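Now for the letters of each chain:
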Amino acid sequence: MLAAISSSTKMIEILILAVVVILLGTILVLYRRNSRPAKGGHAMSTPSAASYYSDVSTLQAPTGMGNSFGQSDPFAGFGGGGQFGGAPAAPPPPPPPPAPAAPSMPPPGTPASWLPDPAGAPDTLRYWDGMNWTQHVAKRN
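Below: a short report on this structure. It should be emphasised that the depicted structure is a prediction, and the values quoted were computed from it without experimental measurement.

Calculation notes
- Residues numbered from 1 in each chain as written.
- Predicted model: local features only at pLDDT ≥ 70, side-chain atom pairs only at ≥ 80, totals over all residues.
- Heavy atoms only, no water.
- Helix = DSSP H or I, 4+ residues; strand = E, 2+ residues; numbered from the N terminus.
- Buried < 20%, exposed > 50% of the residue type's maximum accessible area, 1.4 Å probe, protein only.
- Contact = heavy atoms within 4.5 Å.
- Areas by Shrake-Rupley, 256 points an atom, 1.4 Å probe, with all protein chains shown as cover.
- Phe/Tyr/Trp six-rings, centres within 6.5 Å; stacked < 30°, edge-to-face > 60°.
- Salt bridge = Lys/Arg side-chain N within 4 Å of Asp/Glu carboxyl O.
- Pairing = 2+ DSSP bridges.
- Axes fitted to C-alpha atoms, helices over the stretch in contact; angles between N-to-C directions.
- Polar contact = N/O pair within 3.5 Å; in protein donor to acceptor, adjacent residues only side chain to side chain.
- Patch = residues over 30% accessible without salt bridge, like charges linked within 9 Å, V, L, I, M, F, W, Y side chains within 5 Å.

With respect to the overall build of the protein chain
Here's step 1: Each helix and strand counted, the protein chain has 2 helices and 3 strands in total.
Here's step 2: Reading the protein chain from its N terminus to its C terminus gives the helix and strand order α-α-β-β-β.
Here's step 3: Within the span of the protein chain, comprising 141 residues, buried residues form 9% of the whole.
Here's step 4: A fraction of 9% describes how many contacts in the protein chain between residues 6 or more apart in sequence connect residues 24 or more apart.
Here's step 5: By element, 67% of the accessible surface of the protein chain is carried by carbon and sulfur atoms, the whole surface being about 12600 Å².

Some remarks on the packing of aromatic side chains
Here's step 1: As enumerated under the stated definition, the model contains 2 aromatic pairs in all.
Here's step 2: Plain terms: the ring middles of W114 and Y127 are 5.3 Å apart, the flat faces sit at 65° to each other, and that makes the pair edge-to-face. Of this pair, W114 sits in strand β1 (residues 113–116) while Y127 sits in strand β2 (residues 124–128); the two residues are 13 residues apart in sequence, bridging distant segments of the chain.
Here's step 3: Ring plane angle 65° and centroid distance 5.2 Å describe the contact between W128 and W133, whose orientation is recorded as edge-to-face. You'll find W128 and W133 in the same group, each marked buried.

Here we look at the pattern of salt bridges
Think of it this way: side chains of opposite charge can pair up when their charged atoms draw near.
Here's step 1: If you walk through the whole model with that rule in mind, you get 1 salt bridge.
Here's step 2: For the salt bridge of R126 with D117, the shortest nitrogen-to-oxygen distance reads 2.9 Å. Per residue, the accessibility class of R126 equals that of D117, and both read buried.

Here's the deal with the sheet that holds β2
Here's step 1: Ordered by their spatial adjacency, 3 strands build an open sheet running β1-β2-β3, and the pairing between neighbours is antiparallel. Edge strands, defined here as strands with exactly one partner in the open sheet, are β1 and β3 (133–139). Taking the axes of each pair of neighbouring strands and ignoring which way they run, one obtains an average angle of 40° across the sheet.
Here's step 2: Two strands pair when backbone bridges link them, and β1 and β2 are joined in this way by 4 bridges, in the antiparallel orientation. Counterpart to L115 in the pairing with β2 is R126.

Re unusual backbone geometry
Here's step 1: Positive phi, normally seen in glycine, also occurs at D123, with a value near 55°.
Here's step 2: One can find D123 in the loop between β1 and β2.

A word on the side chain of R126
Here's step 1: In this structure, R126 sits in strand β2.
Here's step 2: Looking at R126, its side chain comes within polar contact range of the side chain of D117, at 2.9 Å.
Here's step 3: Here the side chain of R126 touches T134 through a polar contact of 3.0 Å, landing on its backbone oxygen.
Here's step 4: In contact with R126, other than residues within four places in its own chain, are S113, W114, L115, D117, P118, W133, T134, Q135, H136 and V137.

As for a nonpolar patch on the surface
Here's step 1: A contiguous nonpolar surface patch, about 490 Å² in accessible area, is contributed by I12, I16, V20, L24 and I27.
Here's step 2: With respect to the helices and strands, the residue I16 is situated in helix α1 (residues 2–35).

As for the side chain of D117
Here's step 1: By the secondary structure assignment, D117 is in the loop between β1 and β2.
Here's step 2: Setting aside anything within four residues of it in sequence, one finds D117 in contact with T124, L125 and R126.

Structural data, given as structure tokens:
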């Protein structure tokens, strides 16, 4: 029985090896075929990028899509209001608030203590640890 299993395993190995060799040969043939320059006068030849886009300048711009400023609006008519109807456009969002000012440093040699908040919050103290401002704040009584 062991001899029968061994011979069928060898047959499967030979079959797999043959399939791999055939696939590699096919890949090599296709690679060589695609790397060869195209023959001239062939009706099905692929156009180059230059000839493919050469007639773009002859196209006419679409009409009837202009807005009151004379510019085309590619999103006109998609629910944003405008000349094709729909809901009126929402007002633009307000600008973001200004960034908080960087905390000012106290004079060199200032000992650790509660000092007025350098960010400018009214009636607020921030703890100075002697080298840096900390995240700890307190309301002034």
